[in-house]
Amino acid sequence: MLLALDVNIKRLWAKWKIRGMIILSLFDQFTIILLAPLRRKSSSQWTILPLWVAHLLADWVASFAIGLIYNEFEKEKILTLWAAFLLLHFGGPDSITSISLEDNDLWFRFLLGLITQVGSNLYLILLSLPQNKLWIPTFLVLTSGIIKTAQRNIALYLASFEHYGDEIANVAFLEKAAATQHDSSLTGLMMRKELAPHGTIKNLLVGPLISPERRKFSRSAFLRKEAKDVLAMIEIELSLLYEALYTKLPVVHCKIGYFLWITSLGCNLGALLSFISITKQYDLWKFDIWLTYILFIGAMISDFISIGLLIFSDFSILRYHCWEENPGSKIMVWNQEYYENMDKKVIKRGRWSKTISRCNLITNYFKDYPLWLKKCAPHWLMTYLNRLAVSMNKEVQNLEEDREWHFIFEELKRKAQDAETVEMGKEICLKRGDGILHSHENYRHLIWSVKDLDYTESLLTWHIATEFCFQHKSSNPLSDNMDYRVISKLLSDYMFYLLERQSTLMATVSVDRKEVCKRAYLDIKSFFSRQRILDKKILSETMFSKSPPETHVMSLIRGHERTSVILGAHKLAHQLGEQNSFPWKLMSQVWVELMSYAAITCRANVHAQQICRGGELLTFVWLLMNHLGLGTQFSTEQISHPGQTDQQASDEHEIAITYI
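Residues numbered from 1 in each chain as written. Predicted model: local features only at pLDDT ≥ 70, side-chain atom pairs only at ≥ 80, totals over all residues. Heavy atoms only, no water.

Caption draft 1: Expanded view of the overall build of the protein chain. Check the secondary structure of the protein chain and you find 31 helices and six strands. The buried share among the 660 residues of the protein chain stands at 55%. Across the protein chain, every contact between residues at least 6 apart in sequence was considered, and the portion connecting residues at least 24 apart equals 80%. Summed over all atoms, the accessible surface of the protein chain reaches about 30,900 Å², with 58% contributed by carbon and sulfur. (Helix = DSSP H or I, 4+ residues; strand = E, 2+ residues; numbered from the N terminus. Buried < 20%, exposed > 50% of the residue type's maximum accessible area, 1.4 Å probe, protein only. Contact = heavy atoms within 4.5 Å. Areas by Shrake-Rupley, 256 points an atom, 1.4 Å probe, with all protein chains shown as cover.)

Caption draft 2: Structural detail: the environment of Asp-454. As for its position among the elements, Asp-454 is in the loop between α22 (448-451) and α23 (455-471). For Asp-454, a relative accessible area of 30% puts it in the partly exposed group. Once the C-alpha coordinates of Asp-454 and Val-509 are considered, the two residues, 55 residues apart in sequence, prove to be 8.7 Å apart. The residues touching Asp-454, leaving out its near neighbours within four places in the chain, are Arg-432 and Asp-512. At 3.3 Å, the side chain of Asp-454 and the backbone nitrogen of Thr-456 are in polar contact. (Polar contact = N/O pair within 3.5 Å; in protein donor to acceptor, adjacent residues only side chain to side chain.)

Caption draft 3: View of the packing of helix α10 (residues 227-246) against helix α19 (residues 401-417). Where α10 meets α19, the axes come as close as 9 Å, and the angle between the chain directions of the two elements is 90°. Regarding the angle of α10 to α19, the classification is roughly perpendicular. On α19, the residues touching Ala-227, Lys-228, Val-230, Leu-231 and Ile-234 of α10 are Glu-401, Trp-405, His-406 and Phe-409. (Axes fitted to C-alpha atoms, helices over the stretch in contact; angles between N-to-C directions. Parallel < 35°, antiparallel > 145°, perpendicular 65-115°, else oblique.)

Caption draft 4: Representation of a nonpolar patch on the surface. A contiguous nonpolar surface patch, about 440 Å² in accessible area, is contributed by Leu-12, Trp-16, Ile-23, Trp-285 and Phe-287. In terms of residue count, the dominant contributor to the nonpolar patch is helix α1 (residues 2-35) (three residues). Relative to the helices and strands, Trp-16 is located in helix α1. (Patch = residues over 30% accessible without salt bridge, like charges linked within 9 Å, V, L, I, M, F, W, Y side chains within 5 Å. Salt bridge = Lys/Arg side-chain N within 4 Å of Asp/Glu carboxyl O.)

Caption draft 5: Quick peek at the nonpolar core. Core analysis: the largest hydrophobic core is formed by 107 residues, its most contacted members being Trp-405, Leu-437, Trp-462, Phe-468 and Met-495. In contact with Trp-405, not counting residues within four places along its chain, are Ala-227, Val-230, Leu-231, Ile-234, Leu-399, Glu-400, Leu-617, Phe-620 and Leu-624. (Core = buried A, V, L, I, M, F, W, Y, C linked by side-chain atoms within 4.5 Å.)

Caption draft 6: Region of the structure containing the pairing of strand β2 (residues 355-358). Side-chain alternation along β2 places Thr-355 and Ser-357 on one buried face and Ile-356 and Arg-358 on a second face that is also buried. Of the pairings in the sheet, the one linking β2 to strand β3 (residues 395-398) comprises four bridges and is antiparallel in character. Note that in β3 the partner of Arg-358 across the bridge is Glu-395. (Pairing = 2+ DSSP bridges.)

Caption draft 7: Region of the structure containing the pattern of salt bridges. Under the counting rule described, the total for this entry stands at 17 salt bridges. Here Lys-354 and Glu-401 are joined by a salt bridge, their closest N and O atoms 3.7 Å apart. Placement of Lys-354 in the loop between α15 (330-346) and β2 and of Glu-401 in helix α19 is noted, with a sequence separation of 47 residues between them. Take Lys-354: its relative accessible area is 26%, and that puts it in the partly exposed class. Glu-401 gets classed as partly exposed once you look at its relative accessible area, which sits at 29%. Put simply, Asp-493 and Lys-489 hold a salt bridge, and the shortest N to O gap is 3.4 Å. Note that Asp-493 and Lys-489 are positioned in helix α24 (residues 482-501) at a spacing of four residues, about one turn of the helix. For the residue pair Asp-493 and Lys-489, the accessibility class agrees, reading buried in each case. Put simply, Asp-94, Lys-148, Lys-248 and Asp-303 are held in one network by salt bridges that share partners.

Caption draft 8: Just the confidence of the model for the protein chain, in detail. The share of residues in the protein chain with pLDDT of 70 or more is 74%, and the mean pLDDT across the chain is 77. The lowest-confidence element of the protein chain is strand β6 (residues 656-658), averaging 32 in pLDDT; the highest-confidence one is helix α28 (residues 584-601), averaging 94. The model gives residues 554-560 a pLDDT under 50, and that stretch makes nine contacts with residues more than four places away or in other chains. For the stretch residues 641-660, pLDDT sits under 50, and the model shows 37 contacts to residues farther than four places along the chain or on other chains. (pLDDT = per-residue confidence, 0-100.)

Caption draft 9: Quick look at the environment of Arg-485. Mapping Arg-485 onto the fold places it in helix α24. Along the sequence, Arg-485 and Ser-588 sit 103 residues apart, while their C-alpha atoms lie 7.6 Å from each other.

Caption draft 10: Molecular detail of the packing of aromatic side chains. Here the structure, examined in full by the defined rule, presents 18 aromatic pairs. Between Arg-485 and the ring centre of Phe-470, over which it is positioned, the NZ or CZ distance is 3.8 Å. Over the aromatic face of Trp-448 sits the side chain of Lys-571, whose NZ or CZ is 4.6 Å from the ring centroid. (Phe/Tyr/Trp six-rings, centres within 6.5 Å; stacked < 30°, edge-to-face > 60°. Lys NZ or Arg CZ within 6 Å of the ring centre and 35° of its normal.)

Caption draft 11: Helix α27 (residues 565-576), seen in detail. The terminal C-alpha atoms of α27 lie 16 Å apart, and with 12 residues this matches the ideal 16 Å at 1.5 Å per residue to within 8%. Counting buried positions along α27 gives 12 out of 12 residues, so the element sits mostly inside the fold. Here α27 has its buried residues at Val-565, Ile-566, Leu-567, Gly-568, Ala-569, His-570, Lys-571, Leu-572, Ala-573, His-574, Gln-575 and Leu-576. (Expected span 1.5 Å × (residues − 1).)

Caption draft 12: Representation of the packing of helix α3 (residues 78-91) against helix α5 (residues 135-159) in the model. Direction vectors running N to C along α3 and α5 enclose 15°, while the axes themselves pass 7 Å from each other. Classed by the angle they form, the pair α3 and α5 counts as roughly parallel. Seen along the crossing, α3 lies across α5 with a hand that is left-handed. Side by side, α3 and α5 meet where Thr-80, Leu-81, Ala-84, Phe-85, Leu-87, Leu-88, Phe-90 and Gly-91 of the first sit next to Pro-137, Thr-138, Val-141, Leu-142, Ser-144, Gly-145, Ile-146, Lys-148, Thr-149 and Arg-152 of the second. Considered class by class, the residues forming the contact of α3 with α5 number 10 nonpolar, six polar and two charged. (Left-handed = near helix turned anticlockwise from the far one by under 90°. Nonpolar A, V, L, I, M, F, W, Y, C, P; charged D, E, K, R; others polar.)

Right, here's the structure in full:
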């Protein structure tokens, strides 16, 4: 019986192993096509993880299936056609080239895979001749596959760190086109002289230092704009960066790219028509015929998605506005009206998640586990679960443009007004709370909470103190400080989330993050046990009823000392409430400084990685600060190019916009 079962399984595998791989590859492609456009608008793991698996699976399936086809193609000639489709799948859709920024640097490895796949397919076609009657559709699909894989390899090459921007053409827009746009349109935001990005992101990522003239021009332009318009402009700017780094648009968006798209579509259509005529003359299994039809449909869908991505991309919308209007051409007039109407819709479309993730240390400490677990679980297990809750539990909240973003923009704008020179801008952007505290004479005694502690300890101290103040009964939600209170709480939870869950973003400011957070949790546990604080509801009242500690330093054995964030937070909360009310506006301003310090010290390539994961508010703050002249990548000397006069540099600087 077992022997018969084993024979049946072998027969089933022999018949369906290749077809199963083809179906898996097809399903894999549809998964990538559906999920790829969503990854810059969603930070959910339910979107990112399946896309990551599908993207890695595509290369493996292509290689594995080709090996299986080698052993079977003489029996079934349709397998050589399917092998060509595997090469097409290997190239992938135009909406995605890589999962992460590091994948772009592996372009040479992908080139070797491309050579191997193309060589394998050509070898299969040669071996199948002259008996193979499907050689015409096979060759046409193979041509389309070579185009797709070559475009992906070139896109990876152009987006790699060493070559980024070398071959991406600068697009010179006419001053007339820039001057005739309105601020309400997408092009008006991006093309007008005062908002042109001038390749700022490119310079920040891989380029030279930004010249003082460019800094002055950008700073003066952004100081005149409203928060909502600046947010829309930065969204589009990061969207252009996403298209350049993670899609095939830099390769497709050129005359050769248009020609290759038409060629690819024509090859697929020709192959489909040829296959239809051949199937009428030869007896093929109906399942194989229908599976091949589905493969052709998938290829067509990929081509039409490619042209849709091309037409509706942000760069396309901007570029079509640059065409000189031809009074004698009705088509050109129609195009202009079409894209002007499209502006109103495109400017409102989502380009990132527009959410803020939150995590709170105190809330997770008081996480309510089942009673049986508290009684039965050993102490070490409960400690581990509490620490796990801190790092895993999070809330996601929509970003309010008229509240959180407006406040952040106005604060950074106020700082930028004082940053007349490059040196002043560098000094201001490296403040991490001490700048705003020093400007308020009544609160200068709080500077210890940021100057005497390293960044991680300072952030945790302010995070816990903010929670104490937020939970206090005198913190009336109906007061005039309601917005500042909510902003303080939101930014506090957001920065703690970054500290716990986004270690790459905080790596430069928080080297010993894990050790400090571990000590903080143990200090909280020990302190709350001594104070008999068992419920979050009585937390604030209990803390404010106790006398504040005189120091935030905890004595250890053998005379060693270390900072205790819970003692520091207790002391800070009392000092914040000394005037019978909490200075929520001041606390919000401190949190903006803490956040801006983390944003500007984070590496530019780490910020670039966030745009394919739903985006982060910290990345928007980083780019905004650089546009306002608050950064560390500005030169103190004028940067000129050989053979370029000052007037030419000025003209280029005023009317040119670089496609990232």
